[in-house]
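Fold and contact review
What follows is each chain in one-letter form.
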Amino acid sequence: MVTGRPDAVREAIEQGRTSLGIELGSTRIKAVLIGPDHAPIASGGHDWENQLADGHWTYSLDAVWAGLQDCFAALAADVERQYGVRPATFGAIGVSAMMHGYLVFDGEELLVPFRTWRDTTTAAAATELTELFGYNIPLRWSVAHHYQAMLDDEPHVSRTTFLTTLAGYVHWRLTGRRVLGVGDASGMFPVDPATGRYDAGMLAKFDDLVAPRMPGGRLAEVLPEILPAGADAGALTPEGAALLDPSGTLRPGVPLCPPEGDAGTGMVATNAVEPRTGNISAGTSIFAMVVLEGALTRHHPELDLVTTPSGDLVAMVHCNNGASELGAWAEVFRELSAAVGGPSDADTVFEALFRAALKGEPDGGGLLAYNHLAGEPIAGLSEGRPTIVRTPDSRLTLANLMRTQIYGVFATLSLGMRVLADEGVAIDTMFGHGGLFRTTGVAQRMLAAAIGAPVGVGQAAGEGGAWGMAVLGAYRRSGAGRGLGDYLAAEVFAEAAVDIARPDADDVAGFADYLERYTAGLAAERAAVDALRPRSTSQENAG
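Here the residue numbering is sequential within each chain, running from 1 through the sequence in written order. With the structure being a predicted model, the display of local features is reserved for residues of pLDDT at least 70 and the display and counting of side-chain atom pairs for 80 or more, all residues being used for whole-chain, interface and lining totals. Water and hydrogen atoms were dropped before computing side-chain values, which therefore reflect all heavy atoms in the structure.

Another aspect to go through is helix α15 (residues 484–492). To sort residues, take the accessible area from a 1.4 Å probe on protein chains only and compare it with the maximum for the residue type: under 20% means buried, over 50% means exposed, and anything in between is partly exposed. Runs of E in the DSSP output that reach at least two residues are strands. Runs of H or I that reach at least four are helices, and both are numbered from the N terminus. Inspection of α15 places Leu484, Gly485, Tyr487, Leu488 and Val492 among the buried residues, and these make up the whole buried set. For α15, the arc enclosing every buried residue in end-on projection is 160°, short of the 170-degree limit, so these residues lie on one face. This arc is taken over the directions from the axis of the helix to the C-beta atoms.

Any two rings among Phe, Tyr and Trp, with Trp reduced to its six-membered ring, count as a pair given centres within 6.5 Å; such a pair is stacked if its planes are under 30 degrees apart, edge-to-face if over 60, and tilted if neither. Per the counting criterion, the structure on display carries 21 aromatic pairs. Only when the NZ of Lys or the CZ of Arg is both within 6 Å of the ring centre and within 35 degrees of the ring normal is a charge said to sit over the ring. Positioned over the ring face of Trp57 is Arg118, at 4.2 Å from the centre of the ring. Over the aromatic face of Phe162 sits the side chain of Arg178, whose NZ or CZ is 4.5 Å from the ring centroid.

Looking now at the pairing of strand β22 (residues 455–458). We call two strands paired when DSSP finds no fewer than two bridges between them. When strand β21 (residues 429–433) meets β22, the two strands line up parallel, connected through 2 bridges. Opposite Met430, over in β22, you have Val455 as the bridge partner. Handedness of the crossover is the feature at issue here: the chain leaves β21, passes through helix α13 (residues 443–451), returns alongside β22, and the resulting connection is right-handed. Across 4 bridges, β22 lies against strand β23 (residues 498–501) in antiparallel orientation. Counted as the bridge partner of Val455 is Ala501 from β23. Crossovers are described as right-handed under a simple rule: with the strands pointing away from the observer, the path leading from the first strand over the helix to the second runs clockwise.

Turning to the nonpolar core, a few remarks are in order. Soluble globular proteins tend to bury their nonpolar side chains together. The biggest cluster of nonpolar side chains holds 119 residues, and the ones touching the most others in it are Phe189, Phe206, Phe410, Leu413, Leu436 and Leu488. Listed in part, the 46 residues of the second largest apolar core include Ala31, Tyr59, Leu103 and Val254. Residues grouped as a nonpolar core are buried Ala, Val, Leu, Ile, Met, Phe, Trp, Tyr and Cys residues, joined through side-chain atoms within 4.5 Å.

Pairing is mixed across the open sheet formed by 5 strands, whose spatial order is β3-β2-β1-β6-β14. The sheet is open, and its two borders are formed by β3 (40–47) and β14 (260–261), each paired with just one other strand. Direction of pairing for strand β1 (residues 19–24) relative to strand β6 (residues 92–97): parallel, over a ladder of 6 bridges. Counterpart to Leu20 in the pairing with β6 is Ile93. Residue contacts follow a heavy-atom distance rule, with two residues in contact if any of their heavy atoms lie within 4.5 Å. Structural elements are reduced to axes, namely lines fitted to C-alpha atoms, with helices fitted over the stretch in contact, and the angle between N-to-C directions of any two is expressed from 0 to 180 degrees. Set on the sheet, helix α5 (residues 166–175) makes contact with β1, β6 and β14; between it and β6 the angle comes to about 145°.

This part takes up empty space enclosed by the protein. Left-over empty space is what a probe sized like a water molecule reveals as it rolls over the atoms. Residues are said to line a cavity or pocket when one of their atoms sits within 4 Å of a point; the points come from a 1 Å grid over protein atoms alone, cavities being sets where a 1.4 Å probe fits but cannot get out and pockets being open sets with protein on both sides within 12 Å along at least five of seven lines. Grid points are joined across faces, edges and corners, and a volume is the space filled by probe spheres set on the points. One pass over the full model with this rule turns up 4 cavities of 30 Å³ or more. Around the largest cavity, the lining residues are Ser26, Met98, Met99, His100, Trp117, Asp262, Ser285, Phe287, Met316 and His318. Partitioned by chemical class, the residues of the lining of the largest cavity number 5 nonpolar, 4 polar and 1 charged. Three classes are used, and their members are as follows: Ala, Val, Leu, Ile, Met, Phe, Trp, Tyr, Cys and Pro are nonpolar, Asp, Glu, Lys and Arg are charged, and the others, Gly among them, are polar.

The subject of this paragraph is the pairing of strand β7 (residues 103–106). As paired elements, β7 and strand β9 (residues 162–164) share 3 bridges and run antiparallel to each other. When the bridges of β9 are listed, Phe105 appears paired with Phe162. Where β7 meets strand β8 (residues 109–110), 2 bridges bridge the pair, whose relative direction is antiparallel. Among the inter-strand pairings, Phe105 is bridged to a residue of β8, identified as Leu110.

One number sums up the size of the largest pocket: a volume of about 1400 Å³. As for the largest pocket, its lining consists of 41 residues, and the residues nearest its centre are Thr27, Arg28, Gly283, Gly435 and Leu436. When contributions to the lining of the largest pocket are tallied by element, the ones reaching two or more residues are β2 (28–34), α9 (262–269), β15 (277–282), α10 (324–339), α11 (346–357) and α14 (464–478). Partitioned by chemical class, the residues of the lining of the largest pocket number 11 nonpolar, 18 polar and 12 charged.

Encoded structure:
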């Protein structure tokens, strides 16, 4: 290992024997640099937020590049602080980002602002395409956005020459290549696992469907080329290097691996790319990925079918709402702690709140927490209204409040996981990753109760997808001739320490009671959607 020897790390940095992974998440852009042993040696980050503009959730492209540059500068500064050298090259770079969404161009001109996965404006298109294909097309998929724009007669559609995801866009600007990793591509349009390409039959059906609106149009001509993990996805151009590092230190020529989505990097980060394995990624959204042994018996609206970065079929349970509401409550308690002279750093407050949750009653003491900041299709919600509901005989304590907030993160996911159980899908172990699992043994234990399966968390769980993307970069550089699963098992996780939490009987029974009341209480959540308008809407109407 090089991680314990600063001189060896410095040498690896100077010789370009490192791999840089960058992931554009919903609230944070993160960069992780790994050494030849795949261990993190430096990191950088940049916080950002989406905006609701003209009815669509979006980030401006200026914000994308400002955030990437700030993130890279923070990583370079961390490298220089620790090792006394500023990185000028890498062995490989990989870019990942939130999946799905809609970025459309005519040449290099962006035709409409980026529409993210959070948009729930595509119901008509998603429903029609699901019926046409006999295959679930969720609201957030790129093809649903594209077809909805056609249904809405948006004038930009006829000018579209390129449709991609956020990761695909950034990769294109860095390398000039219009390509996409197969996992990210499978969230744009269905991929045939047998060929590793967009499903030819469904492409033909789509082209026939839109022919009256787009005579002669071929969807395949505007989608990115699909590449599997480990493939040559181009190299950093001089223009790309200047975009990422305006200081001019970074040299062009660094090879890039295929850009991926955050679901794929989560699978890599948890060594969950083989059948009967799976992972759960908890952030602004939360989703579970389970690698299948074979096809499902039928399509289910609760499940997306996507692929691993190698192209194997994966069932995905995706919930739009993850840990954001939990984070908002943690911030309230952080402010309270600071006001009374206590600790005011977020990590200390999160640790205290999570430890308190362990003391909560197994069923949450009669409290219910709904974390829906946005619409949630699995719960039947077109919009979100984060809510705490309790009956007069409930026991409102800090421990119960925090336990129900964590339960609230997993509740909708648990509803979707029931479908996999009904299909007879076998899961040996689920692996958790993301910041929610940084406090050892808390969210992990409650998740095990929620899904009724063991949950493993590795040492790199808190590094999340950026680390997984860096590993994919390393695989591009040195994994030739080996399958991704074999590479991960032999080179990355062979000596990895993994903590396994098995379902506790009391927690399982308590969560089952909680989920029964949670499901019944969704009627109150729907009533809140009908009765309460967002403040911005109310203020606009008043004006």
